[in-house]
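Residues per chain are reported as follows:
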Amino acid sequence: MQLSEGDRIATQSSAGQTYQLRLYVAGQTPKSIVALRNLKEICEEHLQGRYEIEIIDLVKNPQLAAGDQILAVPTLVRRLPEPIKKIIGDLSNTERVLVGLDLRERQ
């Protein structure tokens, strides 16, 4: 799976709130590729038709890290619905990601 700067993955549906997600990565690292794959799987299963993913590659545009105060990569930022939420890591812990995105109650 190739990551490209400014890539957008969007699905549209009239039902429910659209989630605007940004995935900050640092090039084509294995961790970045795994994070994107995990994010796509989670979105398809739990947000089908209600999400937009933007990939920000900080190797190409390091200045973009300041806007969302990114300190580590990969980092997922949920821009909408508010409030803004951040999840750091390769997103392999599905339960943690769902709680972080407010898609599931904390157990």
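Residues numbered from 1 in each chain as written. Predicted model: local features only at pLDDT ≥ 70, side-chain atom pairs only at ≥ 80, totals over all residues. Heavy atoms only, no water.

Q: Could you give me a rundown of the overall build of the protein chain, with the residues and numbers involved?
A: Within the protein chain, the regular secondary structure consists of two helices and five strands. The contacts of the protein chain with a sequence gap of at least 6 include a subset with a gap of at least 24, amounting to 70%. Surface summary for the protein chain: the accessible area is close to 6,000 Å², and the carbon and sulfur share equals 48%. (Helix = DSSP H or I, 4+ residues; strand = E, 2+ residues; numbered from the N terminus. Contact = heavy atoms within 4.5 Å. Areas by Shrake-Rupley, 256 points an atom, 1.4 Å probe, with all protein chains shown as cover.)

Q: An account of the environment of Pro30 is needed here, citing residue identities and associated values.
A: One can find Pro30 in helix 1 (residues 30–46). Along the chain, Pro30 and Asp90 lie 60 residues apart, while their C-alpha atoms are 9.3 Å from each other.

Q: Any details on the pairing of strand 3 (residues 51–57)? Residues and values, ideally.
A: Along strand 3, seven of the seven residues are buried, which leaves the element largely enclosed by surrounding structure. Of the two faces of strand 3, the one lined by Tyr51, Ile53, Ile55 and Asp57 and the one lined by Glu52, Glu54 and Ile56 are each fully buried. Relative to strand 3, strand 2 (residues 19–25) runs parallel, the two being bridged by seven bridges. Bridge pairing in strand 3 links Leu21 to Ile53. (Buried < 20%, exposed > 50% of the residue type's maximum accessible area, 1.4 Å probe, protein only. Pairing = 2+ DSSP bridges.)

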